[in-house]
Amino acid sequence: MSESWPQWEIFVRSEAGLAHKHVGSLHAADARMALENARDLYTRRNEGVSIWVVESTDVHAIDPSEAEAFFEPSQDKQYRHPTFYHVPDGVKHL
Amino acid sequence: MTTPFLDARAQYVLRLADNALVLAQRLCAWIGHAPVMEEDVALANVSLDLLGQARLWLAYAGELEGAGRDEDALAYHRDVREFRNVLLVERPNGDFAATTVRGYLYDLWAHFALSELARSKDDRIAGIAQKALKENAYHLRRSEDWLVRLGDGTQESRERTQRAVNDLWRYTGELFLGDDVDALMQSRGIGFSPEALLDPWLERVRESFSTATLEVPADAWMQRGGKQGVHTEALGYVLAEMQVLPRAMPEATW
Amino acid sequence: MYTQMSDGIDGNPNAADEREGAFNARLDRAVKIESPDWMPEAYRKTLLRQISQHAHSEIVGMLPEGNWITRAPSLQRKAILLAKVQDEAGHGLYLYSAAETLGTPRDEMVAALHSGKAKYSSIFNYPTLAWADVGAIGWLVDGAAIINQIPITRCSYGPYARAMVRICKEESFHQRQGFDIMWTLAHGTPEQHAMAQDALDRWWWPAVMMFGPPDSESVHNEQSLRWKIKLFTNDELRQKFVDQVVPQSERLGLKIPDPDLRWNEATQHYEIGQVDWDEFYRVIRGDGPCNRERLQARIDAWDEGTWVRDAAAEYARKHAARSVA
């Protein structure tokens, strides 16, 4: 078996005003080819107006075993959400 | 009711149609067999674009001809001698290098040809050319890109690509060789001068070949005849395969 | 991406049990499993086998229909078939991409296919002998695939579920184009009608077998149901298929090749005759009419593509080095 082409993560902006969204991955020899292949593979039905490609090894993610420590501290700070506050009857524009 | 002018215009459009149709037919044979799966998808895209272009040209050619032939009648019920495509597009797929080089040489010509036709005084021709031009930009980007990757890749890939160039070069002359039909269409502001495309085409070929570390072949005899219906032997097999069902059951609709 | 699938036991023998408990609790709450999450090794292996088999099926599945692209009898049919087979390549790629999140590179899965170790759907080992076969495949094979796949959009593994959502959306035209071909042929010349009937005769039983062995013999059913990788049993899905297709065949004016086929008023379901499961296992084992040709075609594509992939890799390496320098 010959060497493999690197894997790329593909992000597509479906229309102006929306963020790029991860849609999957593919293989390509370099970034330019990854963009071409992404166009063919992930936008065959007019799904995109913009594409990002990122080599998969360049994606850094949180270790799931640390997820609790990472995310739970924000759970008890309900005062960050507007629903935490009581709005007296009749008060508008708050 | 036909006139020499109408006949010539139908012929002219038929040439454009057959170029796209025969190349689409060649390319669609790759699907399922490409060097990498991403390329199956890409080759199918190019083939589908060309097939779409062929259908638009054929429909118009049929109208100009005025004999009631639709796209399928023209695609499936003409023999080799009635096909008007250039020889280049009927050449066999060969290996991926041959397919890439054939695609590049044609796509680059089509880029210049369609740019001219997009300004045609015939609105239908201009409209189809404008649509095809956008698709062609993608085809050319891909084929040029692969040409450079293969030429400037490994020693094996360069050898295969240079061999393909040397094999196919003799079929490029015809792209720039006008005849009476071309002259008439050009004089009416409908078509362009094939000869005038040669310099810009050659200039760009030299640039990309240089980037691809490929050599432009020395001047040699150029094959011709496709536009007049005198083809290479390869086309007969292409048509035999493509046309088999409607020929076997001419009374059927599909 | 996310290749850290190691079990990560950190010296605590109870850790695995705790994690398995948390994993099962998550399944019960219908929270999707995502690729970097801990998962039981058996879950990972089962998923990998299922998703890669599914991917292989899409890729091998290009061949029987691809066989007719160059001979499609009208330019419109040619365009439709080309777009459909292209979708199959795309769907294979979506699925390999989903499977790669489980930590196995695509090339490894492909090598397993080529060595004969990995399986793909047995249906693609039957030959497409006539144009009507393209219609029968779209109508029956894609029809069966849709019934199989729609529940998977709700399966427990996020990347697989998402790939399947995309695939189901795109495949919605596949079955219809097949039925449309059958309709045209069934209402065409007597010759065309006979061609359609012949295709149904040959594809019916293989399509019925696509749902896998009966529940009484299925090895993976129970565990996969518990893991929410499967949501219905083979027989449940098969019944759904039969109930959908029989009335469609009547509208086509074509006859299902099963003398025992009958409507059961009490259960409100169609009942089919005995399936030849020996044939099913024979084809799975490699003795179907086209097993060798299908696999060889894929191996040839790979082997003949090696120099192309190498060239692109070499080009990329040279130019990456140049842009750094």
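Reading guide: rules and limits
- Residues numbered from 1 in each chain as written.
- Chains lettered and ligands numbered in written order.
- Predicted model: local features only at pLDDT ≥ 70, side-chain atom pairs only at ≥ 80, totals over all residues.
- Heavy atoms only, no water.
- Helix = DSSP H or I, 4+ residues; strand = E, 2+ residues; numbered from the N terminus.
- Rg over C-alpha atoms; globule rule 2.2 N^0.38 Å.
- Buried < 20%, exposed > 50% of the residue type's maximum accessible area, 1.4 Å probe, protein only.
- Contact = heavy atoms within 4.5 Å.
- Buried area = accessible area lost by both parts, 1.4 Å probe.
- Salt bridge = Lys/Arg side-chain N within 4 Å of Asp/Glu carboxyl O.
- Pairing = 2+ DSSP bridges.
- Axes fitted to C-alpha atoms, helices over the stretch in contact; angles between N-to-C directions.
- Phe/Tyr/Trp six-rings, centres within 6.5 Å; stacked < 30°, edge-to-face > 60°.
- Lys NZ or Arg CZ within 6 Å of the ring centre and 35° of its normal.
- Parallel < 35°, antiparallel > 145°, perpendicular 65-115°, else oblique.
- Left-handed = near helix turned anticlockwise from the far one by under 90°.
- Nonpolar A, V, L, I, M, F, W, Y, C, P; charged D, E, K, R; others polar.

> What am I meant to see in the overall build of chain C here?
The secondary structure content of chain C amounts to 12 helices and 2 strands. Taking 325 residues into account, the globule formula puts the C-alpha radius of gyration at 20 Å, and chain C, at 22 Å, falls close to it. Expressed along its principal axes, the backbone C-alpha trace of chain C runs to roughly 70 × 60 × 35 Å. In chain C, buried positions account for 59% of the 325 residues.

> Any chance you could explain the interface of chain B and chain C here in plain terms?
Accessible area lost upon the coming together of the parts is a frequently used measure of interface size. In this assembly, 48 residues from chain B lie in contact with 47 residues from chain C. At the boundary of chain B with chain C, total buried surface from both sides reaches about 4000 Å², with 68% on carbon and sulfur atoms. Three residues stand out in chain B for area buried against chain C, namely Pro35, Met37 and Trp254 of chain B, and they jointly supply 18% of the buried area on that side. At the boundary of chain B and chain C, one finds 2 salt bridges. Across the pair Glu38 of chain B and Arg106 of chain C runs a salt bridge, and its minimum N-O distance is 2.4 Å.

> Whenever I open this one, the interface of chain B and chain A confuses me. Can you help?
Taken together, the contact between chain B and chain A spans 11 residues of the former and 13 residues of the latter. Counting each side, the surface lost to burial between chain B and chain A is near 1100 Å², with a carbon and sulfur contribution of 49%. Three residues, Glu38, Val41 and Arg149 of chain B, lead the burial of chain B against chain A; their summed loss comes to 46% of the area buried on that side. Remark: the boundary between chain B and chain A carries 3 salt bridges.

> What am I meant to see in the sheet that holds strand E3 (residues 50-55) of chain A here?
Sheet strands line up and pair through hydrogen bonds in the backbone, either parallel or antiparallel. Residue and element names in this part refer to chain A. Taken in spatial order, the 3 strands make up an open sheet running E2-E1-E3, and their pairing is antiparallel. Bordering the open sheet on either side are strand E2 (21-27) and E3, each of which pairs with just one other strand. Between one strand axis and the next, the sheet turns through 30 degrees on average, direction left out of account. In terms of strand pairing, strand E1 (residues 7-13) meets E3 through 6 bridges, oriented antiparallel. Among the inter-strand pairings, Phe11 is bridged to a residue of E3, identified as Trp52. Contacts from helix H1 (residues 31-42) reach E1, E2 and E3 within the one sheet, and its direction differs from that of E2 by about 115 degrees.

> Explanation requested: the packing of aromatic side chains in the structure shown.
To describe a pair of aromatic rings, you give the distance between the ring centres and the angle between the ring planes. Overall, the coordinates contain 25 aromatic pairs over all chains when judged by the stated rule. A ring pair is formed by Phe176 of chain B and Trp201 of chain B, whose centres lie 4.9 Å apart and whose planes are at 55 degrees; its orientation type is tilted. Residue Phe176 of chain B is located in the loop between helix H7 (155-168) and helix H8 (180-187), and its partner Trp201 of chain B is located in helix H9 (residues 194-211); the two are separated by 25 residues in the primary sequence. By relative accessible area, Trp201 of chain B is classed as buried at 1%. An aromatic cluster is defined as three or more aromatic residues linked by ring pairs; in this entry it consists of Tyr104, Trp169, Phe176, Trp201 and Phe209 of chain B. Taking NZ or CZ as reference, Arg39 of chain A lies 3.6 Å from the ring centre of Tyr138 of chain B, over its face. Just above the ring of Trp302 of chain C sits the side chain of Arg309 of chain C; from NZ or CZ to the centre is 3.6 Å.

> How should the side chain of Gln50 of chain C be read in this particular structure?
Residues and elements named next belong to chain C. Note on placement: Gln50 falls in helix H2 (residues 41-60). Classification of Gln50 by relative accessible area gives buried; the value is 19%. When residues no more than four places from it in sequence are discounted, the contact partners of Gln50 are Ile152, Tyr160 and Ile229.

> I keep staring at the packing of helix H1 (residues 4-28) of chain B against helix H2 (residues 37-65) of chain B and nothing clicks. Help me out?
Axis angle and axis distance: for two packed helices, these are the angle between their axes and the distance between the axes, and together they describe the pair. All names here are of chain B. Between H1 and H2, the shortest axis-to-axis distance is 7 Å and the interhelical angle comes to 160 degrees. Here H2 runs roughly antiparallel to H1, going by the angle between their axes. Remark: the crossing between H1 and H2 carries left-handed chirality. Grouping the amino acids of the contact of H1 with H2 by side-chain chemistry returns 22 nonpolar, 2 polar and 3 charged.

> Explain the pattern of salt bridges here, please?
A side chain of one charge can pair with a side chain of the opposite charge if their charged atoms are brought near each other. Applying the stated criterion across every chain, the model contains 41 salt bridges over all chains. Residues Arg15 of chain B and Asp179 of chain B are paired through a salt bridge, measuring 2.6 Å at the closest nitrogen-oxygen approach. You can see Arg15 of chain B sitting in helix H1 and its partner Asp179 of chain B sitting in the loop between H7 and H8, a full 164 residues away along the chain. A salt bridge links Arg15 of chain B to Asp182 of chain B, with the shortest nitrogen-to-oxygen separation between them at 3.5 Å. In this pair, Arg15 of chain B is assigned in helix H1 and Asp182 of chain B in helix H8, connecting sequence segments 167 residues apart. Like Asp182 of chain B, Arg15 of chain B is buried. The network of salt bridges with common partners includes Arg44, Arg45 and Glu47 of chain A together with Asp87, Arg166 and Glu170 of chain C.

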